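# A look at the structure
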Amino acid sequence: MKFLEDWNEIGLKIGREIRENVLKYYGKKEGAKIIGQSPSGDTTRLIDKISEDIAFKHLSDLNVNIVSEECGDINKNSGSSWTVVIDPIDGSFNFIHGLPCFGFCFGVFKNNKPYYGLTYELLPNNIYEAFHNEGAYLNGEKIGVKEYDKNNIVMSYYTNKDMGIVNKIKRTRCMGAFGIEMAYVSKGSLDCATDLRPHVRTTDIASSYIICKESGAIITDEYGNDFKLELTATSKKKIIVANSENILKDVFGL
Ligand code: IPD
Ligand code: CA
């Protein structure tokens, strides 16, 4: 059995195998074949299932709790101190429709606390990762959030009602894979990623939560309070991920 601290090796092995096996379905309707429904109510498609099966194959002989988008909460009462949170494919719609923003998300928690996060942007082969307290990295190079400039905010923004926010920011982007968009905040490409519908699931954000924290981002709920990540596949929340506390005041009026 592998040492459970080798989480970067395990996560990378899974991510690379997923990449090798699913990219042939990129932009093709065969990948969209419906397989079932996830516990949070989304349709599970062939590409989600192939990816999740690969992850499970590598995790099956480890004594860990698993929270995965398609299968839900597994081994909940295993007694293990480890929980692995997976989104086999974040951005499945993009994948199937030939839009390039999607990835594999792998977050590891020890006693419910962040331990290691890997967000793998599959098409450009970009690997974002972070161990708790050791900084955030993109393909081995240290990354950090963008410096805040009130007049130059670029934000990805999901909402279902007009909150008068869009005219406070210079550029909006909405890319359809929230875990990946959080990784963009961690490397300073976006100032902020926000979902106020509320639609973010733990599986979408767990890996990038760890990476964003390590890169210097703040992560809050819609009131500006510390975001509480619940390690379960059924949670759906509102979230603000930003490079600076100033955004809470200047953009959201908090
Ligand atoms: C989706 C993406 C998308 C967000 C949706 C999620 P999925 O994840 O993260 O950005 O707006 O709410 O469901 O379903 O492709 O894993
Ligand atoms: Ca997914």
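## Quick word on the sheet that holds strand β13 (residues 192-201)
Read across the open sheet, the five strands follow the order β12-β11-β13-β15-β14; overall the sheet is mixed. Of all strands in the sheet, those with a lone pairing partner are β12 (171-173) and β14 (218-220), marking the two edges. Taking the axes of each pair of neighbouring strands and ignoring which way they run, one obtains an average angle of 20 degrees across the sheet. Where strand β11 (residues 154-158) meets β13, four bridges bridge the pair, whose relative direction is parallel. Looking across to β13, one finds that Tyr157 is bridged to Thr194. Taken strand by strand, helix α4 (residues 178-186) contacts β11, β13 and β15 (236-242), and its axis lies near 155 degrees from that of β13. Contacting β13, β14 and β15, helix α5 (residues 202-215) runs over the sheet at an angle of about 150 degrees to β13.

## Considerations on the domain arrangement of the chain
How big an interface is tends to be reported as the loss of accessible area on association of its parts. Per the domain assignment, the segments of the chain are domain 1 (7-143) and domain 2 (154-250). The C-alpha-based centres of domain 1 and domain 2 are spaced at 19 Å. Contributing elements (two or more residues each) for the side of domain 1 that touches domain 2: β3 (65-68), β4 (72-74), β5 (82-90), α3 (92-96), β6 (103-110), β7 (113-121), β8 (126-131) and β9 (136-138). The element contributing the most residues to the side of domain 1 that touches domain 2 is β7, with six residues.

Calculation criteria
- Residues numbered from 1 in each chain as written.
- Chains lettered and ligands numbered in written order.
- Predicted model: local features only at pLDDT ≥ 70, side-chain atom pairs only at ≥ 80, totals over all residues.
- Pairing = 2+ DSSP bridges.
- Helix = DSSP H or I, 4+ residues; strand = E, 2+ residues; numbered from the N terminus.
- Axes fitted to C-alpha atoms, helices over the stretch in contact; angles between N-to-C directions.
- Contact = placed C-beta atoms within 7 Å.
- Domains from an automatic or database assignment.

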